[in-house]
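Results of the structural survey
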Amino acid sequence: MIASRTRRKALGLGLRAAAGAAAAVLLAGHTPYGQWVVYRKKHLLIGCHRADPTTYDLAKRVVGLLDEHLPAAKSRVARAPNAGRLASLLATAQMDVATLGPDDATAMLAGSNGFAAYGPVALRLLLPLEERLLVARAEFPERHAWLVASALVGTELVPAGQGADDLGVPWHPGARAFLEGRDEPGKD
């Protein structure tokens, strides 16, 4: 009788310890969000979306060129399911740079069409990429925009001397500075 009571106490104690451990793990708020913040700070994410496969191909090419000419950026492709999700990431400063079609970029900038739910997203043009645009949030540091432009201009993706008409998105001051031959802005 004493042995069975001792076993029950030990079993109950073991179950309570296991339940406590499980609760601690669940209540600790284990979420990848904290690591996402760290990852974003270490890598320049180039956004694109599945609804426009060309943006993904361009983002991969941009990353390849940045790896070659600007390895310190540690750039990576970040692929959203659609342009709306990309607008959300840009609007909430979870991403700084993206490849977009001109229509998506101008609609995001205005907060119109399918992007009204996100409000106007302050985008600036880094460079035209074939029939798409490489854009950044307006708060993207000027020096970073200058460095991205310097790494991409003169490559097969952005030939030197390529002119750009009015593309519906204002130029980023850092990218414009590079294109106009001005010196690299001061370090952040």
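Position numbers for residues count from 1 along each chain, tracking the sequence in the order it is written. Side-chain atom pairs in this predicted model are given and counted only at pLDDT of 80 or more, local residue features only at pLDDT of at least 70, and totals for whole chains, interfaces and linings cover all residues. As a rule here, side-chain values come from all non-hydrogen atoms in the structure, and water together with hydrogens is ignored.

1. Observations regarding the nonpolar core
Within this scheme, the nonpolar core is defined by two criteria: the residues are buried Ala, Val, Leu, Ile, Met, Phe, Trp, Tyr or Cys, and they are joined through side-chain atoms within 4.5 Å. Note on exposure labels: buried denotes an accessible area under 20% of the residue type's maximum, exposed denotes more than 50%, and partly exposed covers the range between, all computed with a 1.4 Å probe on protein chains only. Counting residues in each nonpolar core, the largest one holds 30 residues, and the members touching the most others are Leu44, Ile46, Leu66, Val97, Leu126, Leu134 and Leu152. Segments assigned H or I by DSSP are reported as helices when at least four residues long, segments assigned E as strands when at least two residues long, and all are numbered from the N terminus. Within the residue set of this core, elements represented by two or more residues are strand S1 (45–49), helix H3 (53–69), strand S4 (123–129), strand S5 (132–137), helix H6 (142–152) and helix H7 (173–179). At seven residues, the largest contribution of residues to this core is made by H6. Setting aside residues no more than four positions away along its own chain, Leu134 makes contact with Ile46, Val97, Ala98, Thr99, Arg124, Leu125, Leu126, Leu127, Leu129, Val148 and Leu152. Ala83, Ala87, Phe115 and Leu133 belong to the second-largest nonpolar core, a separate cluster that totals 21 residues. We call two residues contacting when some pair of their heavy atoms lies within 4.5 Å.

2. Section: the environment of Trp171
Summarising the element assignment, Trp171 is placed in the loop between H6 and H7. C-alpha separation for the pair Trp171 and Ala138, spaced 33 residues apart in sequence, amounts to 9.4 Å.

3. A few points about the pattern of salt bridges
A side chain with one charge may pair with a side chain of the opposite charge, provided their charged atoms come close. The working definition used for a salt bridge is a side-chain nitrogen of Lys or Arg within 4 Å of a carboxyl oxygen of Asp or Glu. Summed over all chains, the structure comprises seven salt bridges. Among the salt bridges present, the one from Asp96 reaches Arg137, with a minimum N-O distance of 2.9 Å. One end of the pair, Asp96, is in the loop between helix H4 (83–91) and strand S3 (97–100); the other, Arg137, is in strand S5, and 41 residues separate them in sequence. Taking relative accessible area as the criterion, Arg137 reaches 13% and is therefore assigned buried. We note a salt bridge from Glu180 to Arg182, for which the minimum N-O separation is 2.6 Å. Overall, the relative accessible area of 46% leaves Glu180 in the partly exposed class. Given a relative accessible area of 43%, Arg182 falls into the partly exposed group. Linked by salt bridges that have partners in common, Asp96, Arg137 and Glu139 make up one network.

4. Some thoughts on H4
Counting buried positions along H4 yields seven of nine residues, so the element is predominantly enclosed. Looking at the buried residues of H4, the elements they touch are S1, strand S2 (76–80), S3, helix H5 (102–110), S4 and S5. If you check the start of H4, you find a side-chain oxygen 3.1 Å away from the backbone N of Gly84, and it comes from Asn82. Positioned one or two residues after H4, Ala93 has a phi angle of 60°, which is positive. Identification of polar contacts relies on pairs of N or O atoms within 3.5 Å, with a donor-acceptor requirement for protein atoms, meaning one able to donate a hydrogen and the other able to accept it, and with residues adjacent in sequence counted only if both atoms are side-chain atoms.

5. Focus: H3
Taking 1.5 Å per residue as the helical rise, H3 with its 17 residues ought to reach 24 Å, and the 25 Å between its terminal C-alpha atoms agrees with that figure. Along H3, the residues classified as buried are Thr55, Leu58, Ala59, Val62, Val63, Leu65 and Leu66. Of the surrounding elements, those touching the buried residues of H3 are S1, S2, S3, S4, S5 and H6. A helix is expected to span 1.5 Å for every residue after the first.

6. Quick look at the environment of Pro53
Along the polypeptide, Pro53 turns up in helix H3. Judged by relative accessible area, which is 49%, Pro53 ranks as partly exposed. Each C-alpha atom of the pair Pro53 and Arg79 lies 10.0 Å from the other, and the pair is 26 residues apart in sequence.

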